[in-house]
Amino acid sequence: MLARKSIIPEEYVLARIAAENLRKPRIRDRQRKARFIAKNGACNLAHKNIREQGRFLQDIFTTLVDLKWRHTLVIFTMSFLCSWLLFAMMWWLVAFAHGDMDPSTESATNSTKWTPCVTCVRSFTSAFLFSIEVQVTIGFGGRMMTEECPLAITVLILQNIVGLIINAVMLGCIFMKTAQAHRRAETLIFSRQAVIAVRNGKLCFMFRVGDLRKSMIISASVRIQVVRKTTTPEGEVIPIHQVDIPVDNPIESNNIFLVAPLIICHVIDKRSPLYDISAADLALQDLELIVILEGVVETTGITTQARTSYVAEEILWGHRFVPIVTEEEGVYAVDYSKFGNTVKVAAPRCSARELDEKPSILIQTLQKSELSHQNSLRKRNSMRRNNSIRRSNSMRRTNPSLIVPKVQFITPEGSQSASET
């Protein structure tokens, strides 16, 4: 708010405002790109304007499994209630057509001259209870069927078949929902950040993966894909262009033995989409690296898949993961508190192409890091030496008992000489 003219001159106020604006640079944040795969593995994709909705009903079992739990429970309850009500209406119609609802037949039934289709079914409520007893196979002994009506026998067979189908479908659906593969994938963890560092003389893209359960993932394999927006020479824009990149695995097959957390490495070579990207260009790149881990659950035999992704902001250049597996009393121990911890290491800031064209860059970088490391060690040792000297001097000043007393020696001639040690 500007000050009044009578108190502060206007020229001073305008100059101050201009100086404040110059001190605060205006930084425009780059608009964040939508992730294709979230960190928890969920696909960030919305399906819209689907016209052929009937295709979902053709695969009703998969549709029921994919529904949310509240919808599944509502369908589970309504399927039984509707079937009970439907067959209750049929039993009521059978009894009504046979004349079991007529009050005059009650006395005839007691005199054993009249045989109803279903005993003790004289209202819709009793027909509903009999329908539940038939479908759930609960017999209370009060209502039972006779051989008087062939139509009632047909309804009984039909209800048993329909009840078995409903039980098989709904119970199977609930079992599949509780044993879905993505539940096991929740215990497969990835590091929050990926790193790019030098390994075996090559720039490598690395991340860490681990399994929290003791039950292993059999035939586990890791795939990496780069998703980016590209334009073809013909001018076609591909918003989600997926490119597979190889994973450095010493084994011929792509399977890994995930008994402990592993660092998955991708060598940035001529085949890699990261070949022309340097450390300065990485922050400007609009790309996303998707990591897919697949395997078979040892306990259930179901194939599971865990996913995550890394954008440019989550890739640390010149870092390396700290070791977390140690041997303690003959047992290998894993410290998951350091699962995503990294340390800064020497790495050239150029791209992998420039590093292949000028290998001397790597040698110079390593030499500079070695010199800086030696200088830091010297400074640290000198600081420790100075601190120890200062500490010893301060202890001598504060503790007079540490001062060596003077000792007098008596010579044979009887003279005394004082010496200080």
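Please read all numbers here as calculations on a predicted model, not as lab measurements.

Caption draft 1: Focus on the environment of Leu203. In this structure, Leu203 sits in strand S3 (residues 202–211). With a relative accessible area of 2%, Leu203 lands in the buried category. A C-alpha to C-alpha distance of 9.9 Å links Leu203 and Asp356, two positions 153 residues apart in sequence.

Caption draft 2: Spotlight on the pattern of salt bridges. Throughout the structure, instances matching the rule amount to 7 salt bridges. With its nearest N and O atoms 2.9 Å apart, the salt bridge here joins Arg35 to Glu314. Linking Arg35 in the loop between helix H1 (10–23) and helix H2 (54–58) with Glu314 in the loop between strand S9 (303–311) and strand S10 (315–317), this pair joins segments that are 279 residues apart in sequence. Classification of Glu314 as buried rests on a relative accessible area of 14%.

Caption draft 3: View of the pairing of S9. Judged from the 9 bridges that link them, strand S8 (residues 287–297) and S9 form a sheet pairing that is antiparallel. Bridging across to S9, Glu288 finds its partner in Val311. Taking the residues that link successive antiparallel strands as the turn, the S8-S9 hairpin has 5 residues, and the phi of Gly301 there is positive, at about 75°.

Caption draft 4: Representation of the packing of aromatic side chains. All chains considered together, the criterion is met by 8 aromatic pairs. Here Trp91 and Phe130 contribute two aromatic rings whose centre-to-centre distance is 4.9 Å and whose plane-to-plane angle is 85°, an arrangement assigned as edge-to-face. Of this pair, Trp91 sits in helix H4 (residues 69–98) while Phe130 sits in helix H6 (residues 124–136), and the two are 39 residues apart along the sequence. Like Phe130, Trp91 is buried. Taking the centre distance of 5.9 Å and the plane angle of 40° together, the rings of Phe207 and Tyr310 count as tilted. Residue Phe207 is located in strand S3, and its partner Tyr310 is located in strand S9; the two are separated by 103 residues in the primary sequence. Note on accessibility: Phe207 and Tyr310 belong to one class, buried. One Lys or Arg, Arg208, reaches over the ring of Phe339 and ends 5.9 Å from the middle of that ring.

Caption draft 5: Quick peek at the state of the cysteines. Evaluated as defined, the whole model comprises 1 disulfide. The disulfide bridge from Cys117 ends at Cys149, spanning 1.6 Å between sulfur atoms. Every disulfide takes its handedness from the sign of the S-S torsion; for Cys117 and Cys149 that torsion is -55°, giving left-handed. Residue Cys117 is located in the loop between helix H5 (104–110) and H6, and its partner Cys149 is located in the loop between H6 and helix H7 (150–178); the two are separated by 32 residues in the primary sequence.

Caption draft 6: Up close: the nonpolar core. In this structure, Phe205, Phe207, Leu289 and Leu293 are the most contacted members of the largest nonpolar core, which totals 39 residues. Once you skip the residues sitting within four places of it in the chain, Leu293 turns out to touch Leu188, Phe190, Val209, Ala220, Ser221, Val222, Ile256, Leu258, Thr304, Gln305 and Ala306. Among the nonpolar cores identified, the runner-up in size contains 14 residues, and Val94, Ala95, Val134 and Cys149 belong to it.

Caption draft 7: Quick look at the packing of H4 against H6. Remark: H4 packs on H6, axes separated minimally by 8 Å, with the N-to-C direction vectors making an angle of 120°. In this view, H4 runs oblique relative to H6, as classed from their interaxial angle. Considering how the two elements wind past one another, H4 and H6 form a crossing that is right-handed. Where H4 abuts H6, its residues Phe80, Ser83, Trp84, Leu85, Phe87, Ala88, Met89, Trp91 and Trp92 lie against Phe124, Ala127, Phe128, Phe130, Ser131, Ile132, Gln135 and Val136. Class assignment for the residues of the contact of H4 with H6 results in 14 nonpolar, 3 polar and no charged.

Caption draft 8: Here's a closer look at the side chain of Lys177. When you line up the elements, Lys177 lands in helix H7. Lacking a salt bridge, the buried Lys177 has Asp66 as its closest oppositely charged neighbour, with an N-O distance of 7.0 Å. Among the polar contacts made by the side chain of Lys177, one reaches the main-chain carbonyl oxygen of Val65 at a distance of 3.1 Å. If sequence neighbours within four positions are ignored, Lys177 has contacts with Leu64, Val65, Leu67, Lys68, Trp69, Thr72 and Arg183.

Caption draft 9: Here's a closer look at the packing of H6 against H7. H7 packs onto H6 with a crossing angle of 60° between their chain directions and a minimal axis gap of 9 Å. The angle between H6 and H7 falls in the class oblique. For the pair H6 and H7, the crossing hand works out as right-handed. Listed contacts from H7 to Ser131, Val134 and Gln135 of H6 are Leu156, Gln159, Asn160, Gly163 and Ile166. For the contact of H6 with H7, the per-class residue count stands at 3 nonpolar, 5 polar and no charged.

Caption draft 10: A look at H6. The terminal C-alpha atoms of H6, which comprises 13 residues, lie 18 Å apart, in line with the 18 Å expected from a rise of 1.5 Å per residue. Listed as buried for H6 are Ser126, Ala127, Phe130, Ser131, Glu133, Val134 and Gln135. Close packing links the buried residues of H6 with H4 and H7. Remark: Thr137 follows H6 within two positions and exhibits a positive phi of approximately 55°.

Cut-off values and rules
- Residues numbered from 1 in each chain as written.
- Predicted model: local features only at pLDDT ≥ 70, side-chain atom pairs only at ≥ 80, totals over all residues.
- Heavy atoms only, no water.
- Helix = DSSP H or I, 4+ residues; strand = E, 2+ residues; numbered from the N terminus.
- Buried < 20%, exposed > 50% of the residue type's maximum accessible area, 1.4 Å probe, protein only.
- Salt bridge = Lys/Arg side-chain N within 4 Å of Asp/Glu carboxyl O.
- Pairing = 2+ DSSP bridges.
- Phe/Tyr/Trp six-rings, centres within 6.5 Å; stacked < 30°, edge-to-face > 60°.
- Lys NZ or Arg CZ within 6 Å of the ring centre and 35° of its normal.
- Disulfide = S-S within 2.5 Å.
- Core = buried A, V, L, I, M, F, W, Y, C linked by side-chain atoms within 4.5 Å.
- Contact = heavy atoms within 4.5 Å.
- Axes fitted to C-alpha atoms, helices over the stretch in contact; angles between N-to-C directions.
- Parallel < 35°, antiparallel > 145°, perpendicular 65-115°, else oblique.
- Left-handed = near helix turned anticlockwise from the far one by under 90°.
- Nonpolar A, V, L, I, M, F, W, Y, C, P; charged D, E, K, R; others polar.
- Lys, Arg positive; Asp, Glu negative; His and termini not counted.
- Polar contact = N/O pair within 3.5 Å; in protein donor to acceptor, adjacent residues only side chain to side chain.
- Expected span 1.5 Å × (residues − 1).

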